[in-house]
Amino acid sequence: MSNAPTVTVVIPLYNKGLHIDRALHAALTQTVQVNEVIIVDDASTDDGIARVRKWQDPRIRIIERNEPGPGGYAARNAGIEAASSEWIAFLDADDSWRPFAIEEIHRLARQADEKVGSLFMAYDRDYGDQIVPMPSFAKIIPQGIRRFDFNSFVRAWLDVGHSPMWTSAVAARRSTLIKAGLFPAGRCKRGGDKDLWLRLLWTADAIASARSTASYHRDSINMVTKTISMNHYPFLCKTMKDLLPTGDVAQDRLIRQLINLEIFTSAKEAYRNEGRIVSAVYEGFDWRLDLGRFAQIYAMRNLPKKAFSMLRTLKSMAGARS
């Protein structure tokens, strides 16, 4: 159909040779065909790019970079800039799609007016021996499809405790991605995807679907989330602080609440993985909005990990008795 949305799939590749065939198969065997697949190789040292070259499909384009970029942000940006389609769908090399993922993107894109810049879908977590759906989508998208502006997106984020958008279940207009500033290449090693999702919603609305189109494979090799520390002030919080004040008291409160949530999330992960948190992690936490989380951060900062775990156990036991 001449009025069908055009979709480019961007896949960053860095030492994911073990998984890239699965990702390519998912992208190239959709019920509705993609227009092109751009593989951006980030100076891999394994056989990943050789595996890509074995695929004899004219829709595949390869971009080779000279050095790896943390988080794949520079690689995704290169793919966005080279894309020829209106819509960019992201798929990480170690994730996979359902066969109808592009079909769902087409369905949502046809409902997107000029004020909509991004689309996102539900997904599940694949642990190898178990697939676990993300329960949050039933909560924030009870009717199957929902339109979000910036404020409702932040409220949904606060309601479920994490970003509603996840990279391999997101598509966005190329023009909106560029207007929003693309991924923060060279400015952070983790959290840059969430930072872009927030800026996308600041720039334009989003349409979301509760239909699960992708799998986040938790048994993948060389995962950024397993190798890079969170013991630092979250990059996303810097972006949110720059938005303040907005001139809207209610919106300012939402942004400050989200800053608190992201600081708390980073502190928990740093404490769990390293047994300590540095003071820079929680700078700017507004204790007046969330005294309970502030108390937990204070405890993590000052108690050994074992003592903190015992404290949480005692608190849970007390709650069960009441």
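Note: the structure precedes this text.
Residues numbered from 1 in each chain as written. Predicted model: local features only at pLDDT ≥ 70, side-chain atom pairs only at ≥ 80, totals over all residues. Heavy atoms only, no water.

## Considering the pairing of strand β10 (residues 205–217)
A large share of β10 lies buried, amounting to ten of its 13 residues. Note: strand β5 (residues 96–97) against β10, two bridges, orientation antiparallel. Across the sheet, residue Trp97 finds its bridge partner in β10, namely Ala214. Sheet analysis places strand β6 (residues 116–126) next to β10, joined by ten bridges and oriented parallel. Along β10, the bridge assignment pairs Ala122 with Ser212. (Buried < 20%, exposed > 50% of the residue type's maximum accessible area, 1.4 Å probe, protein only. Helix = DSSP H or I, 4+ residues; strand = E, 2+ residues; numbered from the N terminus. Pairing = 2+ DSSP bridges.)

## Some details on unusual backbone geometry
A negative phi angle characterises most non-glycine residues, just as the trans form characterises most peptide bonds. Between Leu244 and the following residue, Pro245, the backbone shows a cis peptide bond with an omega angle of -10°. Secondary-structure assignment places Pro245 in the loop between α10 (235–243) and α11 (249–274). Positive phi is not limited to glycine here, since Ala43 has a value of about 60°. Among the structural elements, Ala43 can be located in the loop between β2 (36–41) and α2 (48–53). Relative accessible area serves as the criterion here: at 24%, Ala43 is assigned to the partly exposed category.

## Re the pattern of salt bridges
Under the defined criterion, the tally for this structure stands at 19 salt bridges. Between Glu104 and Arg211 there is a salt bridge, with the nearest N and O atoms lying 3.1 Å from each other. Of this pair, Glu104 sits in helix α4 (residues 101–109) while Arg211 sits in strand β10; the two residues are 107 residues apart in sequence, bridging distant segments of the chain. In this structure, the salt-bridge partner of Lys194 is Glu262, at a minimum N-O distance of 2.5 Å. Placement of Lys194 in helix α8 (residues 192–203) and of Glu262 in helix α11 is noted, with a sequence separation of 68 residues between them. On the basis of relative accessibility, which here comes to 23%, the residue Lys194 falls in the partly exposed class. (Salt bridge = Lys/Arg side-chain N within 4 Å of Asp/Glu carboxyl O.)

## Let's talk about the nonpolar core
Core analysis: the largest hydrophobic core is formed by 96 residues, its most contacted members being Ile39 and Trp97. If one sorts the elements of this core by residue count, α11 sits on top with ten residues. Ignoring any residue separated from it by four or fewer positions in sequence, one finds Ile39 in contact with Ile11, Leu13, Ile20, Leu24, Ile49, Val52, Ile60, Arg61, Ile62 and Ile63. (Core = buried A, V, L, I, M, F, W, Y, C linked by side-chain atoms within 4.5 Å. Contact = heavy atoms within 4.5 Å.)

## Focus: the packing of helix α6 (residues 150–160) against α11
One can describe the packing of α6 onto α11 by two numbers: an axis separation of 10 Å at closest approach and a directional angle of 35°. Note on packing geometry: the crossing formed by α6 with α11 is left-handed. From α6, Phe150, Asn151, Val154, Arg155, Trp157 and Leu158 reach across to α11, where they touch Gln251, Leu254, Ile255, Gln257, Leu258, Leu261 and Glu262. Looking at the contact of α6 with α11 residue by residue, the classes come out as eight nonpolar, three polar and two charged. (Axes fitted to C-alpha atoms, helices over the stretch in contact; angles between N-to-C directions. Left-handed = near helix turned anticlockwise from the far one by under 90°. Nonpolar A, V, L, I, M, F, W, Y, C, P; charged D, E, K, R; others polar.)

## Thoughts on the packing of α8 against α10
One can describe the packing of α8 onto α10 by two numbers: an axis separation of 8 Å at closest approach and a directional angle of 25°. Overall, the two elements α8 and α10 adopt an arrangement that is roughly parallel. Facing Lys194, Asp195, Leu198, Arg199 and Trp202 of α8, the residues of α10 in contact are Phe235, Leu236, Thr239, Met240 and Leu243. Tallied by class, the residues present in the contact of α8 with α10 amount to six nonpolar, one polar and three charged. (Parallel < 35°, antiparallel > 145°, perpendicular 65-115°, else oblique.)

## Comments concerning the packing of aromatic side chains
Considering all chains together, one arrives at 13 aromatic pairs under this definition. For the pair Phe120 and Phe153, a centre-to-centre distance of 6.0 Å together with 75° between the ring planes defines the contact as edge-to-face. Of this pair, Phe120 sits in strand β6 while Phe153 is found in helix α6, placing the two residues 33 residues apart along the sequence. A single burial state applies to Phe120 and to Phe153, both of which are buried. The interplanar angle of 85° and the centroid separation of 6.3 Å between the aromatic rings of Phe148 and Phe153 together place this pair among those described as edge-to-face. According to the relative accessible area criterion, Phe148 is buried, its value standing at 0%. Owing to a relative accessible area of 0%, Phe153 belongs among the buried residues under this scheme. Ring pairing ties together the aromatic residues Tyr73, Phe90, Phe183 and Trp197, which thus form one cluster. The ring of Phe183 has Arg76 lying over it, and the distance from NZ or CZ to the ring centre is 5.0 Å. Just above the ring of Phe100 sits the side chain of Arg211; from NZ or CZ to the centre is 3.8 Å. (Phe/Tyr/Trp six-rings, centres within 6.5 Å; stacked < 30°, edge-to-face > 60°. Lys NZ or Arg CZ within 6 Å of the ring centre and 35° of its normal.)

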